[in-house]
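# Survey of secondary and tertiary structure
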Amino acid sequence: QKEVEQNSGPLSVPEGAIASLNCTYSDRGSQSFFWYRQYSGKSPELIMFIYSNGDKEDGRFTAQLNKASQYVSLLIRDSQPSDSATYLCAVIDSGGSNYKLTFGKGTLLTVNP
Amino acid sequence: EAQVTQNPRYLITVTGKKLTVTCSQNMNHEYMSWYRQDPGLGLRQIYYSMNVEVTDKGDVPEGYKVSRKEKRNFPLILESPSPNQTSLYFCASSQGKKQYFGPGTRLTVT
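Below, the structure is looked at part by part.

About the criteria used
Residue positions within a chain follow its written sequence, with the count starting from 1. To read the labels, note that chains go from A and ligands from 1, taken in the order they are written. The predicted nature of this model means local features are confined to residues of pLDDT at least 70 and side-chain atom pairs, given and counted, to a pLDDT of 80 or more, with totals for whole chains, interfaces and linings taken over all residues. Excluded from the side-chain calculations are hydrogens and water; all other atoms, namely the structure's heavy atoms, are used. To define a nonpolar core, start from buried Ala, Val, Leu, Ile, Met, Phe, Trp, Tyr and Cys residues and group those joined through side-chain atoms within 4.5 Å. The buried label applies to any residue whose accessible area, calculated with a 1.4 Å probe on protein chains only, is under 20% of its type's maximum; exposed applies above 50%, and partly exposed to all values in between. Here a helix means four or more residues in a row that DSSP labels H or I, a strand means two or more in a row labelled E, and each is numbered from the N terminus. Pairs of residues are marked as contacts when any of their non-hydrogen atoms sit within 4.5 Å. As a working definition, buried area equals the accessible area (1.4 Å probe) given up by two parts on being put together, with both sides summed. Salt bridge, as used here, is a side-chain nitrogen of Lys or Arg placed within 4 Å of a carboxyl oxygen of Asp or Glu. Pairs of N or O atoms within 3.5 Å make up the polar contacts considered here, provided that, within protein, one atom can donate a hydrogen while the other can accept it, and that residues adjacent in sequence are counted only when both atoms are side-chain atoms. Note on pairing: DSSP must find at least two bridges between two strands before they are called paired. What counts as an axis is a line fitted to C-alpha atoms, over the stretch in contact for a helix, and the angles between N-to-C directions run from 0 to 180 degrees.

### Focus on the nonpolar core
Generally speaking, soluble globular proteins have nonpolar side chains that are buried together. Counting residues in hydrophobic clusters, the biggest one holds 23 residues, and the most contacted among them are A:Trp35, A:Val72, A:Leu74, A:Ile76 and A:Tyr87. Listed by contribution, the elements that provide at least two residues to this core are β3 (19–25), β4 (32–38), β5 (45–50), β7 (61–66), β8 (71–76), β9 (85–92) and β11 (107–112) of chain A. Apart from residues no more than four positions distant in its own chain, A:Tyr87 is found in contact with A:Gln6, A:Leu21, A:Trp35, A:Tyr36, A:Arg37, A:Ile47, A:Leu74, A:Ile76, A:Gly106, A:Thr107 and A:Leu109. B:Ile46, B:Tyr47, B:Leu76 and B:Tyr89 belong to the second-largest nonpolar core, a separate cluster that totals 18 residues.

Listed below in C-alpha cells is the structure:
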C-alpha cells in the first residue's frame, strides 16, 4: 500500500510567523505532488502543486520537493488566522491511473492572533 | 461558474434503503472520482472514471456502484447502505492532474 504520511498536529503558530508543514511518501516513483487546504466541514481546495525538485513559490505559499528524500513541504509565510485549516498532502504515484491521488491524513494548522 | 455540484448535501437514511448521490461538473472534464472522508482515515478513493463508460475501483469500492453515461455526471449508488458507510463523500473532477472537489455530501445510515 503506497502511503503518504503527515504529522496530524495540531500545529500552532502565532500570526505573522512562518508555518511549516511536512509530508513524506513511500512511492519513490511518484511524480506529482499537491497541497490542499480544507476548512472544517468544507471541501478540499487546491492551493499548490509541484512536479520538480526544488522550490515553487506562489504568494505567501512555497512548496518544496526533495525526491531523493521523498518529502514535500509547504511553507506559509506571514501566517494569518484565516490560514487556520487542515492541510492535505496528496501524491500521484507511479502506477495505476495517471490521475489517482493518494492523500495523507492532514495536518491541522492553527494561527493564533 | 466552473464547479462540481453534489446532491443531496445531507442525507439521513436507514440500513438497506437504496440511495444515489449525484455529481455533476460543467468543466467538460474527462476524469471524475468519488472519495469518502472519515476521521482518522483521511480521504480515500472509492471509484474513478477516466471517461464516459470507463470506470474503475479505487481503494474502498465495496458496497458502492457508479456509472458514467454522460461526461458531466458521475452518480454514486449505494444499493444496500450499512452504518459503516456513514461518512462525508466528495466528488471530484479534473482535466490533467489538478482535481477540483464538490461541496460534499454528509451521509448518515442508521
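Now, onward.
### Describing the interface of chain A and chain B
Each partner contributes residues to the interface: chain A has 20 residues there, and chain B has 20 residues. Between chain A and chain B lies a buried interface of about 1800 Å² when both sides are counted; carbon and sulfur atoms form 59% of it. Counting the surface chain A buries against chain B, the share from its top three residues, A:Tyr99, A:Lys100 and A:Phe103, is 31%. Between the two partners, chain A and chain B, sit zero salt bridges. At the junction of chain A and chain B, the tally comes to four residue pairs in polar contact (both at pLDDT 80 or more). If you list the elements that add at least two residues to the side of chain A that touches chain B, you get β4, β5, β9 and β10 (101–103) of chain A. With four residues, β4(A) is the single largest residue contributor to the side of chain A that touches chain B.

### A word on the sheet that holds strand β6 (residues 54–58) of chain A
Strand pairs in the sheet, formed through backbone hydrogen bonds, run parallel or antiparallel to each other. Residues and elements named next belong to chain A. With antiparallel pairing, five strands are arranged side by side in an open sheet as β1-β3-β8-β7-β6. Every other strand in the sheet has two partners, leaving β1 (4–6) and β6 as the edge strands with one partner each. With direction set aside, neighbouring strand axes in the sheet form an average angle of 20 degrees. As paired strands, β1 and β3 are joined by three bridges and run antiparallel to one another. Pairing of glutamine 6 across the sheet is with cysteine 23, part of β3.

### With respect to the pairing of strand β3 (residues 19–25) of chain B
Residue and element names in this part refer to chain B. Burial within β3 is extensive, with five of its seven residues counted as buried. Both strand β1 (residues 4–7) and β3 contribute to a ladder of four bridges, which runs antiparallel. Following the sheet pairing, valine 4 is matched in β3 by glutamine 25. Where β3 and strand β8 (residues 76–78) come together, three bridges link them in antiparallel fashion.

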